[in-house]
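Observations on the model geometry
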Amino acid sequence: MLQPKRIKYRKQQRGRRKGRAVAGSAIVFGEYGLVSLDNAWITARQIEAARRAITHHLKRGGQIWIRVFPDKPVTAKPAETRQGSGKGAVDHWVAVVRRGRVLFEVGDIKDDLAKEALRLAAHKLPIATRFVAKGAEAGEPAAEETAVRELPAVGVEKA
């Protein structure tokens, strides 16, 4: 599973999970990507499960890029332990993901195969995601989401 080889500090504070992704919000390596629509922590186990789902569906064809890395330690205290006596030991690692972040990219495969592989990977993740192609930017809404309904003018008379 993914985790850092070395870190400067063993334990971190929780931080905040609000805002949009600035870095990592564009497709750089492949032709298709899976973009986050929520802010969340994604564990190393969830990233690995999604990676396996993509690899299995592509039958080891094409290329896969994992664009997130779990570098934040999450601590936990044992069950039925009284409060106090310091912070718990490191339990698992998470990647902090903000809205608009590209999670996975795939390349060198057909459009429908990429869409299905990334759909299967999205089921392994705890957040809402969207499939995007290289032409459309990750931060922009999809074409079907941008349709604006025309409202009739109220109280305006033609002269």
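Scroll up to find the structure this text is about.
Position numbers for residues count from 1 along each chain, tracking the sequence in the order it is written. In keeping with the model being predicted, local features are shown solely for residues with a pLDDT of at least 70 and side-chain atom pairs are shown and tallied solely at 80 or more, while totals for entire chains, interfaces and linings include all residues. Excluded from the side-chain calculation are hydrogens and water; included are all heavy atoms of the structure.

Another point: the packing of helix α1 (residues 44-58) against helix α2 (residues 111-122). A fitted line through C-alpha atoms serves as each axis, taken over the contacting stretch for helices, and the angle formed by two N-to-C directions is quoted from 0 to 180°. In this description a helix means any DSSP run of H or I spanning at least four residues, a strand means any run of E spanning at least two, and both kinds are numbered starting from the N terminus. Across the interface, α1 lies against α2 with an axial gap of 8 Å and an inter-helix angle of 150°. Taken as axis vectors, α1 and α2 run roughly antiparallel relative to one another. In terms of crossing hand, the pair formed by α1 and α2 is right-handed. Together, Ala50, Ala53, Ile54, His57 and Leu58 of α1 and Leu113, Glu116, Ala117, Leu118, Leu120 and Ala121 of α2 make up the contact between the two elements. Residue polarity is assigned by list, with Asp, Glu, Lys and Arg as charged and Ala, Val, Leu, Ile, Met, Phe, Trp, Tyr, Cys and Pro as nonpolar; anything else, Gly included, falls into the polar class. When grouped by side-chain class, the residues that make up the contact of α1 with α2 number nine nonpolar, one polar and one charged. Each angle is binned into one of four classes, with values under 35 degrees roughly parallel, values over 145 roughly antiparallel, values of 65 to 115 roughly perpendicular, and all other values oblique. In this scheme the handedness of a crossing depends on how the near helix is turned from the far one: anticlockwise by less than a right angle means left-handed, clockwise means right-handed. Contacts are assigned to residue pairs with any non-hydrogen atoms lying within 4.5 Å of each other.

For the rest of this paragraph, the subject is the sheet that holds strand β6 (residues 102-107). Adjacent strands of a sheet pair through backbone hydrogen bonds, lying either parallel or antiparallel. As summarised here, the arrangement of the four strands in space is β3-β6-β1-β7, forming an open sheet in which the pairing is antiparallel. The open sheet has two edge strands, β3 (63-66) and β7 (129-133), and neither has a second partner. Between one strand and the next, the sheet's axes are offset by a mean angle of 20°, whatever the strand orientation. Strand pairing follows a simple DSSP-based rule, namely that at least 2 bridges must link the two strands. As paired elements, strand β1 (residues 32-36) and β7 share five bridges and run antiparallel to each other. Its bridge partner being in β7, Val35 is matched across the sheet by Arg130. This element, α1, spans β3 and β6 of the sheet and lies at about 15° to β6.

Next up on the list: α2. End to end, α2 covers 16 Å across twelve residues, agreeing with the expected 16 Å (1.5 Å per residue, within 8%). Under the scheme applied here, a residue whose accessible area is under 20% of the maximum for its type counts as buried, over 50% as exposed, and between as partly exposed, the area being computed with a 1.4 Å probe on protein chains only. Inspection of α2 places Ala114, Ala117, Leu118, Ala121 and Ala122 among the buried residues, and these make up the whole buried set. Along the long axis of α2, the arc covered by the buried residues comes to 140°, so they all point the same way. Buried residues along α2 sit against β1, α1, β6 and β7. Here, expected helix span is obtained from the residue count minus one, scaled by 1.5 Å. Along the arc lie the directions from the helix axis toward the C-beta atoms.

With the exception of glycine, the majority of residues adopt a negative phi angle, and the majority of peptide bonds are in the trans configuration. A positive phi angle, near 60°, is found at Arg60, a position not held by glycine. On the secondary structure map, Arg60 appears in the loop between α1 and β3. Residue classification places Arg60 among the exposed positions, given a relative accessible area of 77%. Of note in the backbone geometry, Ser85 takes a positive phi value of approximately 55° without being a glycine. By secondary structure assignment, the location of Ser85 is in the loop between β4 (72-76) and β5 (89-97). Judged by its relative accessible area of 75%, Ser85 falls in the exposed class.

Let us look at the sheet that holds strand β2 (residues 40-43). What the three strands build is an open sheet, ordered β2-β5-β4; its pairing is antiparallel. What marks the edges here is a single partner per strand, and that holds for β2 and β4. Taken over all neighbouring pairs, the strand axes of this sheet differ in orientation by 50° on average, direction set aside. Packed on one face of the sheet, α1 meets β2 and β5 and runs near 70° to β2.

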